[in-house]
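Each chain, written out:
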Amino acid sequence: MKKLIIQFFKFLLISGTGWLIDTTIYTILTVILKYNVIFSNILSSIPAITFVFFVSTRKIFLTKRQQEVVGFL
């Protein structure tokens, strides 16, 4: 149970970072560069989602094989 809670908080931190990336890029595109809101939303979502996906799959959620290797060490 402790491992599950740790995974949850790690994912929460990474998701929060993704949200900050999304919000920052969106604000830059809409406020500073005066892009269309829909276009800015799409452009800001792509790097945020990509960041969360790659970091969470590599750092939080281990495959069965990775768990065996970690358990071995």
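Okay, so let's go over this structure. Quick caveat: nothing in here was measured; it's all calculated off a predicted structure.

### As for the side chain of Ser56
Now for step 1: By the secondary structure assignment, Ser56 is in helix α2 (residues 37–59).
Now for step 2: Here Val52 takes part through its backbone oxygen, which lies 2.6 Å from a polar atom of the side chain of Ser56.

### So, helix α1 (residues 2–32)
Now for step 1: The first and last C-alpha atoms of α1 sit 44 Å apart over 31 residues, in line with the 45 Å expected at 1.5 Å per residue.
Now for step 2: The complete set of buried residues in α1 reads Ile14, Gly18, Leu29 and Thr30.
Now for step 3: In the segment just after α1, Lys34 is the residue with positive phi, at about 60°.

### Considering the environment of Trp19
Now for step 1: On the secondary structure map, Trp19 appears in helix α1.
Now for step 2: Take Trp19: its relative accessible area is 53%, and that puts it in the exposed class.
Now for step 3: Spatially, the C-alpha atom of Trp19 lies 8.8 Å from that of Ile49, the residues being 30 residues apart in sequence.

Conventions used here
- Per-chain numbering applies: the sequence of each chain, read as written, is numbered from 1 onward.
- pLDDT decides what is reported in this predicted model: residues at 70 or higher carry local features, side-chain atom pairs at 80 or more are listed and counted, and totals for whole chains, interfaces and linings draw on all residues regardless.
- The basis for the side-chain values is all heavy atoms of the structure; hydrogens and waters are excluded.
- Secondary structure is summarised from DSSP: a helix means a run of H or I of at least four residues, a strand means a run of E of at least two, and numbering begins at the N terminus for each.
- A 3.5 Å cut-off defines polar contacts: any pair of N or O atoms within that distance qualifies, except that in protein one atom must be a possible hydrogen donor and the other a possible acceptor, and neighbouring residues in sequence count only when both atoms are side-chain atoms.
- One less than the residue count of a helix, multiplied by 1.5 Å, gives the span that helix is expected to have.
- Only protein chains enter the accessibility calculation, which uses a 1.4 Å probe; a residue is then buried when its area is under 20% of its type maximum, exposed when over 50%, and partly exposed in between.

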